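# Understanding the architecture of this molecule
Given next are the chains, with one letter for each unit.
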Amino acid sequence: MLGGTGSDVGKSVLAAGLCRILLQDGYNPAPFKAQNMALNSYVTPDGLEIGRAQAVQAEAAGVECMAEMNPVLLKPSGERTSQVVLNGRPVGNRDAYEYFRMENKESLRKEVHAAFDRLQSRYNPIVMEGAGSIAEINLRESDIVNMSMAKYADAAVILVADIDRGGVFASAYGSIMLQPEEDRKRIKGIIINKFRGDEKLFERGRKQMEEICGVPVVGVVPYLTDIHIEEEDSVSLMKKSVKHTDENLINVAVVALPHLSNFTDFDTLSRDPRVHLYFTSDPEELKKAEIIILPGSKNTVSDLRVMMENGCAQTVTDAAQRGVTVIGICGGYQMMGTAVDDPDGVEGEPGSQAGLGLLSARTSLKGEKKVRRVKFTMDCCDGVCEGYEVHNGETTVEAEAIQPIRREDGSHDGCRAGDNIFGSYMHGLLDNIQVIDSVLRPYAIKRGLSETGNIESYREYKERQYNELADRLRKYLDIDKLYEIMRKDD
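First, a word on scope: everything that follows refers to the structure included in this document. (Residues numbered from 1 in each chain as written. Predicted model: local features only at pLDDT ≥ 70, side-chain atom pairs only at ≥ 80, totals over all residues. Heavy atoms only, no water.)

### Here's the deal with the pattern of salt bridges
The full count for this structure, using the stated rule, is 33 salt bridges. Of the charged contacts in the structure, one is a salt bridge between Lys287 and Glu284, with a shortest N-O distance of 3.1 Å. Note on Lys287: relative accessible area 43%, which makes it partly exposed. Residue Asp413 pairs with Arg407 through a salt bridge whose shortest N-O separation is 3.6 Å. Three or more residues joined by partner-sharing salt bridges are found here, namely Arg372, Glu389, Arg407 and Asp413. (Salt bridge = Lys/Arg side-chain N within 4 Å of Asp/Glu carboxyl O. Buried < 20%, exposed > 50% of the residue type's maximum accessible area, 1.4 Å probe, protein only.)

Here's what the structure looks like:
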């Protein structure tokens, strides 16, 4: 298990790298995270929903993702409320107090253990990931993801400490010393992550860390800014650009919604050399965009109201009238219609919220959550595309409206208004190179840029990144020591 001194210390990326190393070394690995909290999710082949990080780690391990890899997924929908997804299916909304009460955790603990047992019967070894800090002592009794899960799995724990944020000695020492003796013995090593500069400068620090913590430092990993693995934690959004550029690039703005979900939808677009992608909730920055994207949201109605209050809604509708391309994906698509109805209070109080009125479509948030992978064709380009759907609600379009997407089963999706305005439920829409080229073409011609981005496919790109990550980790981690730790029975 990779346990952390805190959130966003790099556990997910390191787990992906170790999965790829184990695959390269002839093993049959699989990832596991008992409980995840994220708005970035993915769909398994059998139509179940898991955290995006475990889907990425499964790719790195060379296996298809499955619900057993992330049996509990919490998707925040408000300040204190999250949708609980259990074994890939939503089981309702819980507030934080209710969820973390001990009497409500035992049934979840049994489900998590059963999922691990099923996974372990098929794969070896399991690369487990903890959540946040392993030293949240106030949550110890209700813990199902960190040291209690390590105990159940009889896993050796490697502590991941982020040196870039400072206080690495205190955070590592405190994380170990705050454990009861039984759990402390499970911690077999430390990885110092996100190191900047010459590693030789930390040689003395490495020895001091081992002396005070009583376990070996099995690696000092630099800040790998040139390797790009899909991120899941919303903290990573803070690292992305928030302003337009004056360079000769196509400015593409993603509206930074409070409950923005699946921001990895734009990773491929951001790699296009013709594009400057940025996330903003500033109307003045939105005005500078040639293309505006309304992304997915875990709370469409609430985020739509925020857009109306902060001026983004008016900016988007004004931009559409000027001929700016406006694209909506999932919740963003729902916002672009005439109204979003929530008669059953799926996202809060029952009611209805007027939409942006850019599309002849109306959404009702009721019925079962739709979760599926999809192959489809689109009216603006050639070839078969791939994507996935994760959404509540049904959107009805007017009879004369154009629906630009045709699924492989013959059904249609989305709505188009003219050449510059369209929406779709399809996550991963902009992972398809032909769709990107079609959307960018008029702006590329105007700016004298290439009509094609000539970027490698998303699948090829990710494979290359996994291999490069594995190569780098082999350089900075003591892989032999990690194997030694894994094989010990004590």
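### Quick notes on the sheet that holds strand 15 (residues 275-280)
Spatially, 15-13-16-18-28-27 is the arrangement adopted by the six strands of the open sheet, whose pairing is mixed. Strands at the two margins of the open sheet, each flanked by one partner only, are strand 15 and strand 27 (415-417). Neighbour-to-neighbour, the strand axes of the sheet open up by a mean angle of 15°, direction not taken into account. As paired strands, strand 13 (residues 250-255) and strand 16 (residues 291-294) are joined by three bridges and run parallel to one another. Its bridge partner being in strand 16, Val252 is matched across the sheet by Ile291. Running over the sheet, helix 12 (residues 312-321) touches strand 16, strand 18 (325-329) and strand 28 (421-424) and is turned about 135° from strand 16. The sheet strands contacting helix 14 (residues 433-447) are strand 13, strand 15, strand 16, strand 18 and strand 28, and the helix crosses strand 13 at an angle near 140°. (Pairing = 2+ DSSP bridges. Helix = DSSP H or I, 4+ residues; strand = E, 2+ residues; numbered from the N terminus. Axes fitted to C-alpha atoms, helices over the stretch in contact; angles between N-to-C directions. Contact = heavy atoms within 4.5 Å.)

### Points about the nonpolar core
In this structure, Phe32, Met128, Met149, Ile190 and Ile192 are the most contacted members of the largest nonpolar core, which totals 85 residues. Per-element accounting of this core gives the leading share, seven residues, to helix 1 (residues 11-24). Excluding residues that lie within four positions of it along the chain, Met128 makes contacts with Met1, Leu2, Phe32, Phe116, Met149, Ala150, Ala153 and Ala155. (Core = buried A, V, L, I, M, F, W, Y, C linked by side-chain atoms within 4.5 Å.)

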